[in-house]
Amino acid sequence: MNKKSKERSENRKALPKFFLTMLGALLLGGVIGFVIGFSRIFGLGLNALAGQVRAALEFSIPWGIPVSSLLTLLPCFFLYRAAAKKFAAWDGGDENEDSESIELLLSWVLLLSAVQLLVNLFFMSALGTYCLDGDGAMWVVSLFILSCGAVVFAQQKTVDLERRMNPEKHGSVYDTKFQKKWLDSCDESERQQIGEASHRAYMVTNRLCLGLWLILTLLGMVMEMSLLPVFVLLLVWGTMMVSYCLACIRLSKGKQVLLEK
């Protein structure tokens, strides 16, 4: 089988799944539209639901940051302590088991702290949308600063322990070029792992953006909504895709230069 025939064969195999996916998306949209229309018949409009969501957010804004910080940053503390104890008892041998278990704990610290940062940003934006009184706003802003400081501190301690484990690594979380310096200090296997993780994140984000676009489009058909959410979503989605493609072009050019040398 030549190359062209192989391409046609792969396209024929992929087409049924593609059409089924599109059909499923259309059916899902139809079901959502039917449910929304059915709810309007019984007086369960989206405006009433939006009012309930607004009331719930206004109630949760003062407590969202401290409660979520306890749920994420407190586990970060215990995870880091466990990693530090394992590192103190590690004699440098049996690297495949001990070092990997330590790095796994540190990875969970970074994940939970990153999630908390996103939660902090959400509630700070909610504060700007649902304006509280002066004392309530100061309370939320103070908690936002404290929680973000704790997040940065947890990430700094994690990076410092990682550097003690791997002296060849360098970079500080307080440095604006930390990501670049850290990547430059990674070996080939670590860079390959980062590349695979980045590609997986890229694919997941693509699917998420497509799903969000579909939801926002359907909502725009049944309720009054500006195009700003769709514009912001497409701006983020487009920025990700364009930057990914440009990075691939730049890396392919660099690879070509190395081959020519």
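Residues numbered from 1 in each chain as written. Predicted model: local features only at pLDDT ≥ 70, side-chain atom pairs only at ≥ 80, totals over all residues. Heavy atoms only, no water.

**Q** Which parts of the structure should I look at to understand the overall build of the protein?
**A** What the protein contains, in helices and strands, is 7 helices and 0 strands. Going from the N terminus to the C terminus, the protein shows its helices and strands as α-α-α-α-α-α-α. Among the 261 residues that make up the protein, the fraction classed as buried is 24%. Long-range contacts, defined here as pairs at least 24 residues apart, represent 63% of the contacts in the protein between residues at least 6 apart. Surface exposure of the protein reaches about 18700 Å², of which carbon and sulfur atoms provide 68%. (Helix = DSSP H or I, 4+ residues; strand = E, 2+ residues; numbered from the N terminus. Buried < 20%, exposed > 50% of the residue type's maximum accessible area, 1.4 Å probe, protein only. Contact = heavy atoms within 4.5 Å. Areas by Shrake-Rupley, 256 points an atom, 1.4 Å probe, with all protein chains shown as cover.)

**Q** What is the right way to read the nonpolar core from this model?
**A** When a protein is soluble and globular, its nonpolar side chains tend to lie buried together. The biggest cluster of nonpolar side chains holds 14 residues, and the ones touching the most others in it are Cys76, Tyr80, Ala83, Ile102, Leu106, Val109 and Leu161. Those elements that provide at least two residues to this core are helix H2 (46-89), helix H3 (95-129) and helix H4 (134-165). In terms of residues, this core owes the most to one element, H3, which gives 5 residues. Not counting residues within four places of it along the chain, the set of residues in contact with Val109 comprises Cys76, Leu79, Tyr80, Ala154 and Thr158. Ile61, Ala126, Leu127 and Val140 belong to the second-largest nonpolar core, a separate cluster that totals 11 residues. (Core = buried A, V, L, I, M, F, W, Y, C linked by side-chain atoms within 4.5 Å.)

**Q** Hey, could you run me through the layout of surface pockets in this one?
**A** Over the atoms rolls a probe the size of a water molecule, and its path tells where empty space is left. When its volume is computed, the largest pocket comes out at roughly 1900 Å³. Forming the walls of the largest pocket are 42 residues, and the residues nearest its centre are Leu183, Glu190, Ile194, Gly195 and Ser198. Only H3, H4, helix H5 (178-184), helix H6 (188-222) and helix H7 (228-260) provide two or more residues apiece to the lining of the largest pocket. Broken down by element, the residue count for the lining of the largest pocket peaks at 11 residues, all from H6. Class assignment of the residues belonging to the lining of the largest pocket gives a composition of 19 nonpolar, 13 polar and 10 charged. (1 Å grid on protein atoms, 1.4 Å probe; cavity = no way out; pocket = protein on both sides within 12 Å on 5 of 7 lines; lining within 4 Å. Points joined across faces, edges and corners; volume = space filled by probe spheres on them. Nonpolar A, V, L, I, M, F, W, Y, C, P; charged D, E, K, R; others polar.)

**Q** What's the story with the environment of Val173 in this structure? I'm lost.
**A** Looking at where Val173 falls in the secondary structure, it is placed in the loop between H4 and H5. By relative accessible area, Val173 is classed as partly exposed at 23%. The contacts of Val173, once residues within four sequence positions are left out, are Val152, Gln155, Gln156, Val159 and Phe178.

**Q** Would you explain the pattern of salt bridges in this entry?
**A** Any two side chains of opposite charge can pair, so long as their charged atoms come close to each other. What the rule picks out here adds up to 5 salt bridges. In this structure, Lys169 engages Glu190 in a salt bridge whose closest nitrogen and oxygen atoms are separated by 3.1 Å. Remark: Glu190 occurs in helix H6 and Lys169 occurs in the loop between H4 and H5; sequence separation between them is 21 residues. For the pair Lys169 and Glu190, one class covers both residues: buried. (Salt bridge = Lys/Arg side-chain N within 4 Å of Asp/Glu carboxyl O.)

**Q** Which parts of the structure should I look at to understand the side chain of Glu162?
**A** Considering the arrangement of structural elements, one finds Glu162 in helix H4. One buried charge, Glu162, has no salt-bridge partner; the nearest side chain with opposite charge is Lys169, at 4.2 Å. Residues in contact with Glu162, not counting those within four places in the same chain, are Glu103, Leu106, Lys169 and Trp182. (Lys, Arg positive; Asp, Glu negative; His and termini not counted.)

**Q** Looking at this structure, I do not really get a nonpolar patch on the surface. What am I missing?
**A** Taken together, the side chains of Leu228, Phe231, Val232, Leu235 and Val236 present a nonpolar region at the surface, about 490 Å² in accessible area. With respect to the element layout, Val236 can be found in helix H7. (Patch = residues over 30% accessible without salt bridge, like charges linked within 9 Å, V, L, I, M, F, W, Y side chains within 5 Å.)

**Q** Looking at this structure, how should I read the side chain of Asn120?
**A** Relative to the helices and strands, Asn120 resides in helix H3. In this structure Asn120 touches Ile65, Ser69, Phe144, Ser147, Cys148 and Val151, once residues within four positions along its chain are discounted.

**Q** What is the right way to read the packing of aromatic side chains from this model?
**A** In this description, an aromatic ring pair is defined by two values, namely the gap between the centres and the angle between the planes. Under the definition given, this model contains 5 aromatic pairs. Relative to Phe123, the ring of Phe122 lies with its centre 5.2 Å away and its plane at 80°, an arrangement referred to as edge-to-face. Here Phe178 and Trp182 contribute two aromatic rings whose centre-to-centre distance is 5.6 Å and whose plane-to-plane angle is 45°, an arrangement assigned as tilted. Placement of both Phe178 and Trp182 in helix H5 is noted, with a separation of 4 residues, approximately one turn of the helix. Classification of Phe178 by relative accessible area gives buried; the value is 12%. Residue classification places Trp182 among the buried residues on the basis of a relative accessible area of 16%. (Phe/Tyr/Trp six-rings, centres within 6.5 Å; stacked < 30°, edge-to-face > 60°.)

**Q** Any chance you could explain the confidence of the model for the protein here in plain terms?
**A** A low pLDDT score tells you not to read the predicted coordinates there in detail. With 77% of its residues at a pLDDT of 70 or more, the protein shows a mean pLDDT of 80. Within the protein, the lowest mean pLDDT, 66, falls on helix H1 (residues 3-41), and the highest, 89, falls on H4. (pLDDT = per-residue confidence, 0-100.)

**Q** What is the right way to read the environment of Pro229 from this model?
**A** Counting through the fold element by element, Pro229 comes out in helix H7. Of the residues examined, Pro229 reaches a relative accessible area of 31% and is grouped as partly exposed. A sequence separation of 16 residues divides Pro229 from Trp213, and the C-alpha atoms of the two residues are 9.1 Å apart.

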